[in-house]
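Residues per chain are reported as follows:
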Amino acid sequence: MFTSDCLGNDNGMLTIGGIRVDDLVKEYSTPLYVLDEDTVRNNIRNFKKSLDENYEKGMVLYASKALNCLELCRIANDEGIGLDCVSAGEIYTALTAGFPAERIYFHGNNKTEDELEYAIDNNIGVIIVDNYYELDAIEEIAKQKKKTVKVMFRIKPGIDAHTHDFIRTGQIDSKFGFALENGEAYNAVKSTLDKENLKLIGLHCHIGSQIFDDQPFMEAARVMMKFYKQIKDEFSIELDQLNLGGGFAIKYLETDEHIGYDTYMKEVATIINDFCKENALKVPMILIEPGRSVVGAAGITLYKCGSIKEIKNIRNYVAIDGGMGDNPRYALYESDYEVLIANKLNEKADYKATVAGKCCESGDLIQENVVMPKPEKGDIVAVLSTGAYNYSMASNYNRIPRPAMVMVKDKKSRVIIKRETFEDLVRNDI
Ligand code: LLP
């Protein structure tokens, strides 16, 4: 029934981090995002350990687009890892949290000149260059400011990972990065070598998200290493870093089976370490960018059950007091989720329902065909594994304030993101 070890059952009531969710609802109301701190920290530590065991030098960058807020940046800093930021807003959040600029890697397929200037002014560690426009802009800004900027190139390795179309990125038909097949990537490397204000330190690839299979990761590593060798053979340089991106799948459904990250790490490391040995290359420092797999299973969202509509021979709609505003993922990707009636865990699940949100939009659904105990108004509805890409993708559609987020640890809870107020909604209106 549960997708994460931080969840439990206390006499029929769901618990997270040892706290009963009815107590959380009493204290903070609904809708409510809840995040388990130990799960987040353990996920980070496991990635670090796995890198350490398999490579001489490695670094975890938390892909903060999964959930970017001050407290997550503080935790990432506290755990000694780096950060993948994808906008000036994410960088601003990290810097405000006291995150060291040199451990921030700046991504994005269309960074604006203002964003690039902001990053360079703030001495952001590395900019991952996506295209020629950006390359020229960075060089010009760096020259003006008399700075040397460390860069990596984002490469499309030509790998087709088997995941949802909208979250695949490794194939040539993608808006991200330089293609290998047509020489774009090669020419980008070549043209950077004599640029005085740019220091090329490595290459990056990210083949997609929520990938269950280990093969595409292994294939991407092979392709990237071949390119490292080509760069060494033709330009006599050995790049220091190889960033393999994120994309590791998590359990959304109890029945999801994902390969352990350790297995993936070992398989990919074997490919890289063997290739380097066979070709007398030095093993670059390996970076990974997990986002979903750091925070996804650490989070749940709590709602209250409102109206229930039983449409004979069609379906039963169970409406909650949130929806696509706080979790747009079913509307966007038809994503799987476990949905539970959190106060009826010990009751028989024999009622089939579509869990719908409260937005003026027929597609505002959280999940279809959920089998649950018969719900009643006022029941607590819990959606599991919502730590990633929920709050970070939330909106104020229909002028619904975004929920609060509460962190639980040692059976205590604290607000890490306040619930939005009506005043927040009109703050920028004139
Ligand atoms: N690195 C880069 C360059 C990325 O673009 C991403 C995700 C990651 C790392 C982290 O990937 P993860 O480990 O979280 O899979 N909104 C979609 C997911 C979009 C992913 C965007 N890039 C969703 O809700 O499924």
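Look a little higher up for the structure.
Not measured: the values here are computed from a predicted model.

*Asks:* Let's hear about the site of the ligand: which residues, and what values?
*Replies:* Surveying the vicinity of the ligand reveals 19 residues, the closest of which are Ser 209, Glu 289, Arg 292, Arg 329 and Tyr 389. A distance of 2.6 Å is found between an oxygen atom of the ligand and a side-chain nitrogen or oxygen belonging to Arg 329. Here the ligand has 580 Å² of accessible area as a free molecule, and 91% of this is covered by the chains. Across the shell around the ligand, the residue classes break down as six nonpolar, seven polar and six charged. For the shell around the ligand, the domains that each give at least three residues are domain 1 (7-36 + 296-425) and domain 2 (107-290).

*Asks:* Can you explain the sheet that holds strand β1 (residues 7-10)? Please cite residues and give values.
*Replies:* In spatial order, the strands read β1-β2-β3; together these three strands make up an open sheet with antiparallel pairing. For this open sheet the edge positions go to β1 and β3 (19-20), each flanked by a neighbour on one side alone. Here strand β2 (residues 13-16) pairs with β3 via two bridges, running antiparallel. Across the sheet, residue Thr 15 finds its bridge partner in β3, namely Arg 20.

*Asks:* Any chance you could break down a negative patch on the surface for me, citing the residues and the numbers?
*Replies:* A cluster of like negative charges, contributed by Glu 113, Asp 114, Asp 136 and Glu 140, occupies part of the molecular surface. Going through the elements one at a time, α5 (113-121) and α6 (132-144) are the ones with two or more residues in the negative patch. Position of Glu 140 relative to the elements: it lies in helix α6. According to the relative accessible area criterion, Glu 140 is exposed, its value standing at 53%.

*Asks:* Break down the environment of Ile 19 for me, with residues and values.
*Replies:* Mapped onto the elements of the fold, Ile 19 is located in strand β3. Of the residues examined, Ile 19 reaches a relative accessible area of 11% and is grouped as buried. In the structure, Ile 19 is positioned 167 residues away from Tyr 186 in sequence and 54 Å away in space, judged by C-alpha atoms. Discounting chain neighbours no more than four positions away, the residues touching Ile 19 are Leu 14, Leu 24, Val 408, Lys 411, Lys 412 and Ser 413.

*Asks:* Describe the packing of aromatic side chains, and please don't skip the residues or the numbers.
*Replies:* Tallied over the full model, the rule gives eleven aromatic pairs. Taking the centre distance of 5.9 Å and the plane angle of 90° together, the rings of Tyr 33 and Tyr 391 count as edge-to-face. With Tyr 33 in strand β4 (residues 32-36) and Tyr 391 in the loop between β19 (380-384) and β20 (404-409), the pair connects residues that are 358 residues apart, well separated along the chain. Here Tyr 391 falls in the partly exposed class, since its relative accessible area comes to 21%. A ring pair is formed by Phe 248 and Tyr 261, whose centres lie 6.0 Å apart and whose planes are at 55°; its orientation type is tilted. Of this pair, Phe 248 sits in the loop between β12 (241-243) and α9 (261-278) while Tyr 261 is found in helix α9, placing the two residues 13 residues apart along the sequence. As far as burial versus exposure is concerned, Phe 248 and Tyr 261 are alike and both buried. Of the aromatic side chains, those joined through ring pairs into one cluster are Phe 47, Phe 217, Phe 248, Tyr 261 and Tyr 264. One residue, Lys 111, lies across the ring of Phe 106, its end atom 5.6 Å from the ring centre.

Definitions and cut-offs
Residues numbered from 1 in each chain as written. Predicted model: local features only at pLDDT ≥ 70, side-chain atom pairs only at ≥ 80, totals over all residues. Heavy atoms only, no water. Near = heavy atom within 4 Å. Polar contact = N/O pair within 3.5 Å; in protein donor to acceptor, adjacent residues only side chain to side chain. Areas by Shrake-Rupley, 256 points an atom, 1.4 Å probe, with all protein chains shown as cover. Nonpolar A, V, L, I, M, F, W, Y, C, P; charged D, E, K, R; others polar. Domains from an automatic or database assignment. Pairing = 2+ DSSP bridges. Helix = DSSP H or I, 4+ residues; strand = E, 2+ residues; numbered from the N terminus. Patch = residues over 30% accessible without salt bridge, like charges linked within 9 Å, V, L, I, M, F, W, Y side chains within 5 Å. Salt bridge = Lys/Arg side-chain N within 4 Å of Asp/Glu carboxyl O. Lys, Arg positive; Asp, Glu negative; His and termini not counted. Charge placed at Lys NZ, Arg CZ, Asp CG, Glu CD. Buried < 20%, exposed > 50% of the residue type's maximum accessible area, 1.4 Å probe, protein only. Contact = heavy atoms within 4.5 Å. Phe/Tyr/Trp six-rings, centres within 6.5 Å; stacked < 30°, edge-to-face > 60°. Lys NZ or Arg CZ within 6 Å of the ring centre and 35° of its normal.

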